[in-house]
Amino acid sequence: YCSSALPPPAASQISTRLENKELWEKFNSVGTEMILTKNGRRMFPEFSVSLSGLDPHRLYSLCVQALPEGENRYKWRDGVWSRSGRAEPGPPTRFYLHPECPAPGHRWMERPICFNKIRLTNNTLNQGGQIVLQSMHRYSLCLYIIPTSNGGSPPRPATTVSFPETSFIAVTSYQNPRLSLLKIEENPFAKGIKYFKNQQER
């Protein structure tokens, strides 16, 4: 890679944007839930971000982690989510590494970066790179932008960005009927479910 006459940008110059922020906020207003399965379930809304301010020629790796929010379990009771005791102890949640890592900064900045292959599971024995979470616990997504050493240069610190709009409660089945309907309305892969339900009603 060509060397740059300018110093690489500092972590403070790197900026991120949640691509589908309005959709996440729409779900967040209802109370986002994400399904856990033994084999892993993809998230909806999908996590997609845009980056700017990276060194175009430096290599970066991008990781996502679902971080616990608070120290409580939750329970769906009387139509609302409420705290239900302390969170169960468990291992730190795994990191999901984007499959295109590592890649130079200019590639990460030329288009939105979609993490649509993230799968959520409650199977602690899963070794497939999926994110293992605990049901009835609240999480939010965190992005790690990790510079990779180029040509013997010292590694630079990672940039960490959290996204409060992505807050969700992990469940094995949807608890909130409003949330369930919203998933069907907004998720293009759920249109078949909606059609099937309409046929049954008819």
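Here is what the cut-offs are and how they apply
- Residues numbered from 1 in each chain as written.
- Predicted model: local features only at pLDDT ≥ 70, side-chain atom pairs only at ≥ 80, totals over all residues.
- Heavy atoms only, no water.
- Helix = DSSP H or I, 4+ residues; strand = E, 2+ residues; numbered from the N terminus.
- Buried < 20%, exposed > 50% of the residue type's maximum accessible area, 1.4 Å probe, protein only.
- Core = buried A, V, L, I, M, F, W, Y, C linked by side-chain atoms within 4.5 Å.
- Contact = heavy atoms within 4.5 Å.
- pLDDT = per-residue confidence, 0-100.
- Arc of directions from axis to C-beta.
- Pairing = 2+ DSSP bridges.

Asks: How would you explain the side chain of H137 if you had to name every residue and give the values?
Replies: When you line up the elements, H137 lands in strand 12 (residues 137-148). Judged by relative accessible area, which is 4%, H137 ranks as buried.

Asks: Can you tell me about the nonpolar core, naming the residues and giving the values?
Replies: Counting residues in hydrophobic clusters, the biggest one holds 32 residues, and the most contacted among them are F47, F115 and L143. Of all the secondary-structure elements, those providing two or more residues to this core are strand 4 (48-52), strand 5 (59-77), strand 12 and strand 13 (159-171). For F115, the contacting residues outside a window of four places in its chain are F47, V49, L62, V64, Y96, H98 and L143.

Asks: An account of the confidence of the model for the protein is requested, with residue identities and associated values reported.
Replies: Looking at the protein, pLDDT values average 86 and 84% of them are 70 or higher. The lowest-confidence element of the protein is helix 4 (residues 191-201), averaging 52 in pLDDT; the highest-confidence one is strand 4, averaging 97. Low pLDDT, under 50, characterises residues 1-11; the predicted model gives this stretch 14 contacts beyond four residues in sequence or across chains.

Asks: Can you explain helix 1 (residues 21-30)? Please cite residues and give values.
Replies: Of all the positions in helix 1, only L23, W24, F27 and V30 are classed as buried. End-on view of helix 1: buried residues confined to an arc of 120°, all on one side of the axis. Those residues of helix 1 that are exposed and aimed more than 90 degrees away from the buried face are E22 and S29.

Asks: Quick rundown of the sheet that holds strand 9 (residues 113-114)? Include the residues and the values.
Replies: The strand order 1-4-9 describes an open sheet built from three strands, whose pairing is antiparallel. Looking at strand neighbours, the two that pair on one side only are strand 1 (15-18) and strand 9, the edges of this open sheet. In terms of strand pairing, strand 1 meets strand 4 through four bridges, oriented antiparallel. Counted as the bridge partner of T16 is L51 from strand 4.

Asks: Give a detailed account of the pairing of strand 4, specifying residues and quantitative values.
Replies: Within strand 4, four of the five residues are buried, leaving the element largely enclosed by the surrounding structure. Pairing between strand 4 and strand 9: two bridges, direction antiparallel. Counterpart to V49 in the pairing with strand 9 is I113.

Asks: So what's going on with unusual backbone geometry? Which residues, and what values?
Replies: A cis geometry characterises the amide bond from F44 onward to P45, with omega recorded as 5°. By the element assignment, P45 lies in the loop between strand 3 (41-42) and strand 4. With an omega of -15°, the peptide bond running from C101 to P102 counts as cis. Following the sequence through the fold, P102 ends up in the loop between strand 7 (95-97) and strand 8 (103-104).

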